[in-house]
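Observations on chain architecture
Now for the letters of each chain:
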Amino acid sequence: MNGAESLLHTLVSGGVELCFMNPGTSEIHLVDALDRVPGFHAVPCLFEGVASGAADGYARMREKPACTLFHLGPGLSNALANLHNACRARVPLINLVGDHASFHRPLDPPLASDIEAIARPFSGWLRSSCAADELGRDGADAIAAARTAPGQIATLIVPADAAWGEGGRVAEVSAAPAPSRPQNARVEEAARLLRNGRQSAIVLGSHTMQGAALTAAARIAAATGAKLLATFPFARMERGAGRPVVERIAYITDQALAQLSGYRQMVLVGAPPPVAFFGHPARPSLLAPEGCEIFALAEAGEDCAGALENLAAVLDAEDAEPMLQRAEALTAPQGEITLVGLSQVIGANLPRDAIVVDESITSGRGLMSATAAAPPHDWLVNTGGSIGLGVPLAVGAAMACPDRPVLCLDGDGSFMYTPQALWTAARESLPITTVVFANRSYAILNYELMALGTNPGPRAQGALDIGRPDMDFVALSKGLGVPATRVHSLDEFGTALRRGLVSREPNLIEVPV
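So, a few notes on the structure that sits alongside this text. Given the structure is predicted, the values throughout are model-derived calculations rather than measurements.

On to the overall build of the protein chain, then. Assigned secondary structure in the protein chain consists of 20 helices and 18 strands. Computed over the C-alpha atoms, the radius of gyration of the protein chain is 24 Å, within 12% of the 24 Å expected from 2.2 N^0.38 for a compact globule of 513 residues. Summarising its shape, the C-alpha atoms of the protein chain cover approximately 65 × 60 × 45 Å along the three principal directions. Among the 513 residues that make up the protein chain, the fraction classed as buried is 56%. When contacts within the protein chain are restricted to residue pairs at least 6 apart in sequence, those whose partners lie at least 24 apart make up 80%. Of the accessible surface of the protein chain, which amounts to about 20,600 Å², a share of 52% is contributed by carbon and sulfur atoms. Across the protein chain, the 38 positively charged side chains and the 52 negatively charged ones have centroids separated by 5 Å.

Below is the structure:
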């Protein structure tokens, strides 16, 4: 058994069955080993940023790692934007990065680079293998590291001679350490704050917006009158009719400041204090009002669900009736395309158990409210702000949950960072309906430009214009193997959306806005 075979066998035995890959020569022995390792599914991606984004989406929905495979430092560099987003999402993910053979690297070949330096900012665990007989053990350690709460990126660098060398051994994967629960004193202090009658918010973070953690948080809110909040970037939220109501903090700083102005205390559960995306000369960076007491019940790496359950017990809230979103008959409007109307059409047509990937930036501002009463679904967003995550994230989510429809809502600017993901969706026959809101502009930056109050001229405005020529997303999608249509009214959009969601096939809808 060579090193490559031992690594893949170890990954499969440790529950890692899926690899999103864009390999090269230095990784060719790992590719060759695929035919000798059953149970390991390789998913080719045309761009490394698709692979890293897809691994993120898979981990968010399956709560376990997929792996990636990249070609040396340049391949890893192409993946970094979406690795940044995955890092911010705190998901388990394993990067396999090939390197030159150990005897070849000192000769400074053209593709040589400092791979460790490239990987380090986004890797909670990082190791370079030295020999074939160590590669299986290194893979086992990478799995355990990726699963360390709340989830992190583990990067394993694989020199080519470690992959082709004989003497590989399959290794057992040790259990990841269980996250610690916060001390009782912190639980008691959180209970004291929530009992004092002041207007309170519970800000939910990593892995607290689904399952038992969300239920416990909702019972605490019902018993104390606190509001459940989510920071604007979150990894995954269970929402819709019959599920607890969680309010998302606004992206626009002025809106967020107004939204949070009445709170006198905040209890953080795996979340940082609410902060603006960017600094501004005339606006505060911290979004909580001055004088608001901020208390961390649990850090992201601690047992946040356990902390919430303990807090519910201390507050005698275990049997409290949580405030759940009521089901409503949602109506789809017709006629001329408007942003409000588009959101309402989506809300009226969202099927039960859908996975929504939202990277619609400006065009999707009304989506959260318009879909609140839709059938139960999961909502995934861009956690790190590095755009180009939408369709790759949808690919990973669809691979993780093949029986669920996936709706990807993307702006035209962000879509163009990773359109290659459509090819992977077509190749794998994934049930993803992609909606591209085509406003022919980096509209969010136009907002920021106008907010300067400097009366920007044509050159400044032109720098943010992505028309001239207008991109044809229908033609682009069809060229990558995904059927597509362009709609010109809300009626047409509703028809195309329903047809796409029930088709169980990849499809794209271009919406000029």
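On to the sheet that holds strand 14 (residues 377-381), then. Spatially, 9-14-13-15-16-18-17 is the arrangement adopted by the seven strands of the open sheet, whose pairing is mixed. If you trace the sheet from one side to the other, it starts and ends with strand 9 (237-239) and strand 17 (484-486), each paired once. Between one strand and the next, the sheet's axes are offset by a mean angle of 20°, whatever the strand orientation. Relative to strand 18 (residues 507-512), strand 16 (residues 432-438) is paired through six bridges, and the arrangement is parallel.

Aromatic rings considered in pairs are described by the distance between their centres and by the relative angle of their planes. Taken as a whole and judged by the stated rule, the model has six aromatic pairs. Taken together, a centroid distance of 6.1 Å and an interplanar angle of 55° make the contact between Phe277 and Phe278 tilted. By relative accessible area, Phe277 is classed as partly exposed at 32%. Under the relative-accessibility criterion, Phe278 is labelled exposed at 56%. Where Phe415 meets Phe473, the ring centres are 5.7 Å apart and the plane angle is 75°; that geometry is what we call edge-to-face. One end of the pair, Phe415, is in helix 15 (residues 412-415); the other, Phe473, is in helix 19 (residues 473-479), with 58 residues separating them in the sequence. A relative accessible area of 0% means that Phe415 is categorised as buried. Look at Phe473 and you get buried, because its relative accessible area is 0%.

The six strands are arranged 2-1-3-4-6-5 in an open sheet whose pairing can be described as parallel. For this open sheet the edge positions go to strand 2 (41-44) and strand 5 (125-128), each flanked by a neighbour on one side alone. In this sheet, adjacent strand axes meet at a mean angle of 20° when their direction is disregarded. As paired strands, strand 3 (residues 67-70) and strand 4 (residues 93-99) are joined by four bridges and run parallel to one another. Its bridge partner being in strand 4, Thr68 is matched across the sheet by Asn95. Most of the contacts of helix 14 (residues 390-400) go to strand 1 (residues 18-22), to which it runs at about 150°, and overall it touches strand 1 and strand 2.

Now for the layout of surface pockets. In this structure, the second largest pocket encloses a volume near 400 Å³. What lines the second largest pocket is a set of 17 residues, and nearest its centre among them are Glu63, Ala149, Pro150, Gly151 and His207. Its residues placed into classes, the lining of the second largest pocket shows eight nonpolar, four polar and five charged.

Now for the nonpolar core. In globular proteins that are soluble, nonpolar side chains generally tend to be buried together. Core analysis: the largest hydrophobic core is formed by 58 residues, its most contacted members being Leu204, Leu297, Leu311, Val435, Phe493, Leu497 and Val511. Looking at this core element by element, the count peaks at seven residues for helix 9 (residues 211-224). In this structure, Val435 is in contact with Leu407, Cys408, Leu409, Asp410, Phe493, Leu497, Ile509 and Val511, ignoring residues within four places of it in sequence. Counting residues in hydrophobic clusters, the runner-up holds 57 residues, among them Ala86, Ile355, Leu380 and Val391.

A few words now on empty space enclosed by the protein. Evaluated as defined, the whole model comprises one cavity of 30 Å³ or more. There is about 40 Å³ of room inside the largest cavity. What lines the largest cavity is Leu8, Cys19, Met21, Leu30, Leu34, Phe40, Leu69 and Leu96. Taken together, the residues of the lining of the largest cavity break down into eight nonpolar, no polar and no charged.

Turning next to the packing of helix 9 against helix 11 (residues 304-314). Running from N to C, helix 9 and helix 11 point in directions that differ by 30°, and their axes come no closer than 9 Å. Of the possible angle classes, the one that applies to helix 9 and helix 11 is roughly parallel. Our pair here, helix 9 against helix 11, has a crossing hand that is left-handed. Here Ala212, Ala213, Ala216, Ala217 and Ile220 of helix 9 lie close against helix 11, whose contacting residues are Ala305, Leu308, Glu309, Leu311 and Ala312. Looking at the contact of helix 9 with helix 11 residue by residue, the class counts come to nine nonpolar, no polar and one charged.

In this section: the pattern of salt bridges. Taken as a whole, this structure holds 25 salt bridges when the rule is applied. A salt bridge links Arg486 to Asp472, with the nearest nitrogen and oxygen atoms 2.8 Å apart. Of this pair, Arg486 sits in strand 17 while Asp472 sits in the loop between helix 18 (458-462) and helix 19, and the two are 14 residues apart along the sequence. Classification of Arg486 as partly exposed rests on a relative accessible area of 31%. Sharing partners across several salt bridges, the network here consists of Glu63, Arg236, Glu238, Asp378 and Arg404.

Rules behind the numbers
- Residues numbered from 1 in each chain as written.
- Predicted model: local features only at pLDDT ≥ 70, side-chain atom pairs only at ≥ 80, totals over all residues.
- Heavy atoms only, no water.
- Helix = DSSP H or I, 4+ residues; strand = E, 2+ residues; numbered from the N terminus.
- Rg over C-alpha atoms; globule rule 2.2 N^0.38 Å.
- Buried < 20%, exposed > 50% of the residue type's maximum accessible area, 1.4 Å probe, protein only.
- Contact = heavy atoms within 4.5 Å.
- Areas by Shrake-Rupley, 256 points an atom, 1.4 Å probe, with all protein chains shown as cover.
- Lys, Arg positive; Asp, Glu negative; His and termini not counted.
- Charge placed at Lys NZ, Arg CZ, Asp CG, Glu CD.
- Pairing = 2+ DSSP bridges.
- Axes fitted to C-alpha atoms, helices over the stretch in contact; angles between N-to-C directions.
- Phe/Tyr/Trp six-rings, centres within 6.5 Å; stacked < 30°, edge-to-face > 60°.
- 1 Å grid on protein atoms, 1.4 Å probe; cavity = no way out; pocket = protein on both sides within 12 Å on 5 of 7 lines; lining within 4 Å.
- Points joined across faces, edges and corners; volume = space filled by probe spheres on them.
- Nonpolar A, V, L, I, M, F, W, Y, C, P; charged D, E, K, R; others polar.
- Core = buried A, V, L, I, M, F, W, Y, C linked by side-chain atoms within 4.5 Å.
- Parallel < 35°, antiparallel > 145°, perpendicular 65-115°, else oblique.
- Left-handed = near helix turned anticlockwise from the far one by under 90°.
- Salt bridge = Lys/Arg side-chain N within 4 Å of Asp/Glu carboxyl O.

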